[in-house]
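If you want the building blocks of each chain, they are given just below.
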Amino acid sequence: VSYPSIVGEMLASGFSVIGFSWICSPACTELEVVVMDWLAKFLHLPEHFLHENEGPGGGVIQGSASEAVLVAVLAAREQAVRRLQLSQPELSESEIRGKLIAYSSDQSNSCIEKAGVLAAMPIKLLPAGEDLVLRGDALKQAIDRDVAAGLIPVICIATLGTTGTCAYDDIESLASICEQNEVWLHVDAAYAGGAFALEECSELRRGLERVDSLNFNLHKFMLVNFDCAAMWLRDANKVIDSFNVDRIYLKHKHEGQTQIPDFRHWQIPLGRRFRALKVWITFRTLGAEGLRAHIRKHIRLAEQFEDLVKADERFELIAPRALGLVCFRAKGDNEITSQLLQRL
């Protein structure tokens with residue numbers, strides 16, 4: 001965390017904004033539009049994720065990766081149901097919902113499995129390869145089996161920077177399978193997404209132009225305090241259509257203007273905090289280069305630690321170092337590593 005972020009948090013708490021729509025606090029909504037575009041450019045994301053471009057894409061700040069993943073799963077589910085109601089009118093809505101299925105890697109974060117529980121849609125955790133990477137061939141085999149069994153594939157949640165080893169799923173091969181089967185592709189880059197900002201990590205961005213949505217936690221790599229998770233959508237209308245509930249007390253004369261989103265349609269709760277302020281102040285104070293330097297420092301420290309592990313015959317690496325993560329163990333029985341962990 002950083003002091004500019006805390007200053008922003010204090011100011012936002014003092015303003016006590018409940019910014020579910022533009023009319024509640026124009027600054028809350030408009031500053032979020034600004035910082036989400038700043039952040040997308042900082043991370044070199046595809047232009048269709050920017051609010052400033054014509055089209056249905058854009059970014060929003062969620063509380064956590066768990067919320068972002070759940071939003072993607074629910075939106076994909078509702079879009080699939082509506083699509084199937086048109087293409088297969090002989091099926092009732094309950095029959096359609098009972099056939100829906102989703103996919104992720106067995107290395108994915110627990111929030112993905114939880115999203116399936118909350119969405120009442122099974123999520124199959126597919127076995128990653130020996131390198132702990134999920135690829136398109138594993139997804140294709142699962143989809144082919146499920147379609148043959150009468151199920152309806154809905155969404156695949158890929159991970160860039162898995163919790164266990166910071167492995168990167170193969171987005172391009174997964175995107176090809178998803179495109180062939182009308183499956184929503186979401187990317188959970190909660191940790192590794194910060195490295196998109198570095199040219200030396202540009203390979204991590206391969207295939208992002210083909211995904212439907214992605215999330216990245218600013219409270220992991222960006223010196224912004226919890227909670228602050230950025231989410232981008234290729235077509236925000238798919239989420240808005242899925243979550244839109246209108247009451248007379250929510251209406252205002254500026255509704256529907258393309259440059260003035262009402263972010264209540266982009267999230268689970270109605271009310272929302274003024275999180276954009278702490279992001280704006282952090283960016284303005286530290287600058288893009290300051291933030292890149294912070295990320296590079298994490299990586300350099302991990303490289304140093306990796307060298308120390310390699311130089312000590314008592315320990316061994318169990319996965320390649322990735323960004324700021326080094327996975328190692330004491331040689332010998334697992335009990336030795338468990339004892340070391342308890343001592344630490």
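Quick notes on the rules
- Residues numbered from 1 in each chain as written.
- Predicted model: local features only at pLDDT ≥ 70, side-chain atom pairs only at ≥ 80, totals over all residues.
- Heavy atoms only, no water.
- Helix = DSSP H or I, 4+ residues; strand = E, 2+ residues; numbered from the N terminus.
- Polar contact = N/O pair within 3.5 Å; in protein donor to acceptor, adjacent residues only side chain to side chain.
- Contact = heavy atoms within 4.5 Å.
- Axes fitted to C-alpha atoms, helices over the stretch in contact; angles between N-to-C directions.
- Parallel < 35°, antiparallel > 145°, perpendicular 65-115°, else oblique.
- Nonpolar A, V, L, I, M, F, W, Y, C, P; charged D, E, K, R; others polar.
- 1 Å grid on protein atoms, 1.4 Å probe; cavity = no way out; pocket = protein on both sides within 12 Å on 5 of 7 lines; lining within 4 Å.
- Points joined across faces, edges and corners; volume = space filled by probe spheres on them.
- UniProt positions renumbered as here; feature names shortened; annotations may be inferred.
- Buried < 20%, exposed > 50% of the residue type's maximum accessible area, 1.4 Å probe, protein only.
- Pairing = 2+ DSSP bridges.
- Right-handed = clockwise from strand over helix to strand, strands pointing away.
- Phe/Tyr/Trp six-rings, centres within 6.5 Å; stacked < 30°, edge-to-face > 60°.

Visitor: Explain the side chain of Arg205 to me, please; I cannot follow it from the model alone.
Guide: Within the element layout of this structure, Arg205 appears in the loop between strand E5 (184-188) and strand E6 (213-217). Within the structure, the side chain of Arg205 is placed 2.5 Å from the backbone oxygen of Phe196, a separation counted as a polar contact. With sequence-adjacent residues up to four places away left out, Arg205 is seen in contact with Leu43, His44, Phe196, Leu198 and Glu199.

Visitor: Mind showing me how you'd approach the packing of helix H3 (residues 65-87) against helix H9 (residues 236-243) here?
Guide: Helix packing geometry: the angle between the two helix axes and the distance between the axes. With their axes 9 Å apart at the nearest point, H3 and H9 run at an angle of 80° to one another. Relative to H9, the element H3 is oriented roughly perpendicular. Residues Val71, Leu74, Ala75, Glu78, Gln79 and Arg82 of H3 lie in contact with H9, whose contacting residues are Lys238, Val239, Asp241, Ser242 and Phe243. Across the contact of H3 with H9, the residue classes break down as 5 nonpolar, 2 polar and 4 charged.

Visitor: It is not clear to me how empty space enclosed by the protein should be interpreted in this structure. Could you clarify?
Guide: Once rolled over the atoms, a probe with the size of a water molecule shows which space is left empty. Counted by the stated rule, this structure contains 1 cavity of 30 Å³ or more. Within this model, the largest cavity holds a volume of roughly 40 Å³. Lining the largest cavity are Trp184, Asp212, Leu233, Arg234, Asp235 and Lys238. In terms of residue class, the lining of the largest cavity is built from 2 nonpolar, no polar and 4 charged.

Visitor: Where do I start with the UniProt feature "modified residue: N6-(pyridoxal phosphate)lysine" (unreviewed entry) in the protein in this structure?
Guide: In the numbering used here, UniProt assigns the "modified residue: N6-(pyridoxal phosphate)lysine" (unreviewed entry) feature to Lys220. Locating Lys220 in the fold gives a position in helix H8 (residues 218-221). The class for Lys220 is partly exposed, based on a relative accessible area of 39%. Discounting residues that sit within four places of it in the chain, Lys220 has contacts with Ala190 and Tyr191.

Visitor: What exactly am I supposed to notice about the sheet that holds E5 here?
Guide: Within a sheet, neighbouring strands are paired by backbone hydrogen bonds and run either parallel or antiparallel to one another. The mixed open sheet is built from 7 strands, whose spatial order is E1-E7-E6-E5-E4-E2-E3. Every other strand in the sheet has two partners, leaving strand E1 (58-62) and strand E3 (123-126) as the edge strands with one partner each. Taking each pair of neighbouring strands and ignoring which way they run, the sheet shows an average axis angle of 20°. Where strand E4 (residues 152-159) lies against E5, 5 bridges are found, and the strand directions are parallel. Residue pairing across strands places Ile157 opposite His186, the latter belonging to E5.

Visitor: Just to check I follow, could you spell out the pairing of E5 for this structure?
Guide: The buried fraction of E5 amounts to 5 of the 5 residues, a majority that puts the element mostly inside the structure. Neither face of E5 is open: one carries Trp184, His186 and Asp188, the other Leu185 and Val187, and all of them are buried. For the crossover from E4 across helix H7 (residues 171-180) to E5, the handedness is right-handed. Bridge count between E5 and E6: 3 bridges; the pairing is parallel. The residue bridging Val187 from the neighbouring strand is Leu214, located in E6.

Visitor: How should I be thinking about the packing of aromatic side chains in this particular structure?
Guide: When we look at a pair of aromatic rings, we describe it by the centre distance and by the angle of the planes. Scanning the entire structure with this criterion turns up 5 aromatic pairs. Consider the rings of Tyr191 and Phe221, whose centres lie 4.8 Å apart with planes at 20°: the pair is stacked. Placement of the pair is Tyr191 in the loop between E5 and E6 and Phe221 in helix H8, with a sequence separation of 30 residues. Considering the side-chain rings of Phe305 and Phe328, the 5.2 Å spacing of their centres and the 65° angle between planes classify their relative orientation as edge-to-face. Taken as a pair, Phe305 in helix H10 (residues 276-310) and Phe328 in strand E9 (residues 328-330) lie far apart in primary sequence, 23 residues in all. The exposure class assigned to Phe305 is partly exposed, which follows from its relative accessible area of 35%. Here the aromatic cluster, defined as three or more aromatic residues joined through ring pairs, consists of Trp38, Phe42 and Phe283.

Visitor: What should I look at first to understand the pairing of E6 in this one?
Guide: Walk down a regular strand and you will see the side chains alternate between the two sheet faces. With 5 of 5 residues buried, E6 is to be regarded as a mostly interior element. Taking every second residue as pointing to the same face, both faces of E6 are buried, with Ser213, Asn215 and Asn217 on one and Leu214 and Phe216 on the other. When E6 meets strand E7 (residues 229-233), the two strands line up antiparallel, connected through 5 bridges. When the bridges of E7 are listed, Asn215 appears paired with Met231.

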